[in-house]
Amino acid sequence: MKLHPVDVVENISGEEFREKYLKPHRPVILRGITEKWPAFEKWRLDYFKKLAGNIEVPLYDNSKPTPTSKLNQPDKVMKFGEYLDLIASGPVDLRMFLFNIFDHIPDLCNDFTFPEHLMKGFLKKYPMMFFGGAGSIVYLHYDMDLSNVFLTQFHGRKRVILFDQKYSKHLYRMPYGILSYVDPENPDYEKHPAMKYLEGYDCVMEHGDMLYIPSGVWHYMNYLEGGYALAVRAWDPSLSTRAEGIFNITAMRTFDDVMKKNFGPRWWNYKSRKAEEYANQIVVSNGGKGRVLEPA
Ligand SMILES: O=C(O)CCC(=O)C(=O)O
């Protein structure tokens, strides 16, 4: 596996961004865009605590789902203020991502702007925030709607590893889903030999950095320090990519949910086996020896 550093650019023009990054689907860190946002100074832990400290929030630890685990079941629920104290006080693998803070504090939307000089088509109703303690992991995934994501980091640093969509088989992606549980920080080539043939990007985001994650690009994150991020998203200029994104969030997701509900672990095992089979094809096509699979 090879990881290349993500480019870091300052004050890039819209035209240069489109040619060098949007069209080739290449991630980039954009510096100098967020320094004038009120959020750059204002969005501190105490600020969020004062505005929403008493709200109960669902939290998720680093455990990977099992064939029988319930979808989106939180590992803990606690007051937002307590959670913020926890991430300020040291390592804790608890993340908050399925809670829309903008529903509770809509005025936060006045603290940032959309980078419309870079591209059009921002989904302005859907900004999202993510919080995590040091040591929290965001497992590899790509965004199902295939939008282009501009992710701004606040407070602490976060390592991000990215792979193009063409590497889905190398990553043992389970069919009908957008997730992979391989570890790109410490790849286990015995268990996941297809990962040897991966090429991707690596970066550490700092306070105020905006990372462009092109549509369909896989991303993995490790919170090196407690912190939070704002994601804004824009439709892809390609109509076929937009149509595929809509298909994914409607038909593909519904089909997978129905199968999960009706067949539980059997559906999971079928998908894991397919992921292994596809990855073996990659190993064999690169001249390696695929893993012998257990009989179904
Ligand atoms: O920053 C995070 O914790 C997760 C962000 C993410 O995965 C996304 O924007 O798709």
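Position numbers for residues count from 1 along each chain, tracking the sequence in the order it is written. Residues qualify for local features only when their pLDDT is at least 70, as the model is predicted, and side-chain atom pairs are given and counted only at 80 or more; totals for whole chains, interfaces and linings, by contrast, use all residues. For side-chain calculations, the full set of non-hydrogen atoms in the structure is used, while hydrogens and water are omitted.

Comments concerning the overall build of the protein
- Each helix corresponds to a stretch of at least 4 residues labelled H or I by DSSP, and each strand to a stretch of at least 2 residues labelled E; elements are numbered beginning at the N terminus. A count of helical and extended segments in the protein gives six helices and 14 strands.
- The quantity called the radius of gyration is restricted to C-alpha atoms. Its globule counterpart is 2.2 Å times the number of residues to the power 0.38. Whereas a compact globule of 296 residues would reach a radius of gyration of roughly 19 Å, the protein reaches 20 Å, a difference of no more than 12%.
- Overall, the protein is about 55 × 45 × 35 Å in size when its C-alpha atoms are taken along their principal axes.
- The classification of residues rests on relative accessible area computed with a 1.4 Å probe and restricted to protein chains. Under 20% of the type maximum is buried, over 50% is exposed, and intermediate values are partly exposed. For the protein, with 296 residues in total, the buried portion stands at 48%.
- The contact rule is simple, with two residues in contact once any of their heavy atoms fall within 4.5 Å. In the protein, once contacts between residues fewer than 6 apart in sequence are set aside, the share between residues at least 24 apart is 80%.
- Surface accessibility of the protein: about 14800 Å² in total, with carbon and sulfur atoms responsible for 52%. Areas reported here follow the Shrake-Rupley algorithm with a probe of radius 1.4 Å; residue values treat only the protein chains shown as occluding.

Details of the sheet that holds strand β8 (residues 137–141)
- At least two DSSP bridges between two strands are required for those strands to pair. Spatial strand order, β1-β11-β10-β13-β8: five strands in an open sheet with mixed pairing. Edge positions in the open sheet fall to β1 (2–5) and β8, since each of these has one partner strand only. Neighbour to neighbour, the strand axes of the sheet diverge by 20 degrees on average, direction disregarded.
- Pairing between strand β10 (residues 158–163) and strand β13 (residues 218–223): six bridges, direction antiparallel. By the bridge assignment for β13, Val160 is matched with Met221. The convention used is that axes are lines fitted to C-alpha atoms, helices contributing only their stretch in contact, and that angles between N-to-C directions extend from 0 to 180 degrees.

Some words on the site of the ligand
- Neighbouring the ligand are the residues Arg95, Phe130, Val138, His141, Asp143, Val149, Leu151, Lys158, His219, Met221, Tyr223 and Ala229.
- Between N or O atoms, a polar contact is any pair within 3.5 Å; within protein, one atom must be a potential hydrogen donor and the other a potential acceptor, and residues adjacent in sequence are included only when both atoms are from side chains. Note that an oxygen atom of the ligand is positioned 3.0 Å from one of the side-chain N or O atoms of His141.
- Within the side chain of Tyr223, an N or O atom sits 2.6 Å from an oxygen atom of the ligand.
- When the ligand sits alone it has 300 Å² of accessible area, and the protein chains cover 96% of it.
- Here the nonpolar group is Ala, Val, Leu, Ile, Met, Phe, Trp, Tyr, Cys and Pro; Asp, Glu, Lys and Arg are the charged ones; every other residue, Gly included, is treated as polar. For the shell around the ligand, the per-class residue count stands at seven nonpolar, two polar and three charged. A molecule or strand has a residue near it when one of that residue's heavy atoms lies within 4 Å.

So, the layout of surface pockets
- The calculated volume of the second largest pocket comes to roughly 430 Å³.
- Throughout, the protein atoms alone are placed on a 1 Å grid, and a set of points is a cavity if a 1.4 Å probe fits but cannot get out or a pocket if it is open with protein on both sides within 12 Å along at least five of seven lines; lining residues have an atom within 4 Å of a point. Residue lining of the second largest pocket: 19 residues in total, with Tyr172, Tyr181, Val182, Lys191 and His192 positioned closest to the centre.
- Partitioned by chemical class, the residues of the lining of the second largest pocket number nine nonpolar, four polar and six charged. Grid points are joined across faces, edges and corners, and a volume is the space filled by probe spheres set on the points.

Some thoughts on the side chain of Arg95
- Following the sequence through the fold, Arg95 ends up in strand β6 (residues 95–96).
- Charged residues are defined here as Lys and Arg on the positive side and Asp and Glu on the negative side; His and the ends of the chain fall outside this count. In what follows, salt bridge is the name for a side-chain nitrogen of Lys or Arg lying within 4 Å of a carboxyl oxygen of Asp or Glu. Summary of buried charges: Arg95 has no salt-bridge partner, and the nearest side chain of opposite charge, Asp75, is 8.8 Å away.
- In this structure the side chain of Arg95 is engaged in a polar contact, spanning 3.3 Å, whose partner is the backbone oxygen of Ile137.
- Arg95 has contacts with Pro58, Leu59, Tyr60, Tyr83, Phe131, Gly132, Ser136, Ile137, Val138 and Tyr223, leaving out every residue within four places of it along the chain.

A short note on the pairing of β8
- Counting buried residues along β8, five of its five residues qualify, which places the element largely inside the surrounding structure.
- By the bridge criterion, three bridges tie β8 to β13 in an arrangement that is antiparallel. Among the inter-strand pairings, Ile137 is bridged to a residue of β13, identified as Asn222.

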